[in-house]
Amino acid sequence: MSYSAADVIGKTLRATTNIKLYRLANDNAPSFATIKAGGIVGIVDSYLMPKAGRTNMYWSFIDNAGKPYYAIQKQGMYDEPFLKQQGLVK
């Protein structure tokens, strides 16, 4: 992704591959759901940078019950043209 993570806050992410969702942003956390390719992952609420126990950056979302959930950020996992349609520019 060629945007800063802060630029993506408030935007909706759409999956280009199957994406696992987590309740904890931790490499050892079990996933609780999978979004299929083409599905909406959610509206980005925040992001968490790598640190001990977290190899990758994670996007943060809030579900309908107000609980946070997370998805790993890796190149090619999210639909960039869809972000551009929402006004995200380089």
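See the structure shown above.
This write-up is about the structure you can find in this document. (Residues numbered from 1 in each chain as written. Predicted model: local features only at pLDDT ≥ 70, side-chain atom pairs only at ≥ 80, totals over all residues. Heavy atoms only, no water.)

## What to know about the packing of aromatic side chains
Our working definition: The aromatic pairing rule takes the rings of Phe, Tyr and Trp, using the six-membered ring of Trp, and pairs them if the centres are within 6.5 Å, calling planes under 30 degrees apart stacked, those over 60 edge-to-face and the rest tilted. Secondary structure is summarised from DSSP: a helix means a run of H or I of at least four residues, a strand means a run of E of at least two, and numbering begins at the N terminus for each. Only protein chains enter the calculation, and the probe is 1.4 Å; a residue is then buried if its accessible area is under 20% of its type maximum, exposed if over 50%, and partly exposed in between. Ring-over charges, as used throughout, are those where CZ of Arg or NZ of Lys falls within 6 Å of the ring centre and within 35 degrees of the ring normal.
Throughout the structure, instances matching the rule amount to 4 aromatic pairs. Their ring planes at 85 degrees and their centres at 6.4 Å tell us that Phe32 and Tyr69 sit as a pair that is edge-to-face. Of this pair, Phe32 sits in strand 3 (residues 31-35) while Tyr69 sits in strand 7 (residues 68-72), placing them 37 residues apart in sequence. Taking the relative accessible area as the measure of exposure, Tyr69 reaches 10% and is therefore buried. Ring geometry for Tyr47 versus Trp59: centroids 6.4 Å apart, planes at 75 degrees, classification edge-to-face. Here the residue Tyr47 occupies a position in strand 5 (residues 46-48), and Trp59 occupies one in strand 6 (residues 58-62), the gap between them amounting to 12 residues. Its relative accessible area of 27% is what places Tyr47 among the partly exposed residues. Accessibility expressed as a relative area gives 1% for Trp59, which makes it buried. Ring-pair connections join several aromatic residues into one group, and the members of that group are Phe32, Phe61 and Tyr69. When the ring centre of Phe32 is taken as reference, the NZ or CZ atom of Arg23 above it lies at 4.2 Å.

Shape descriptors only; they carry no functional weight alone.
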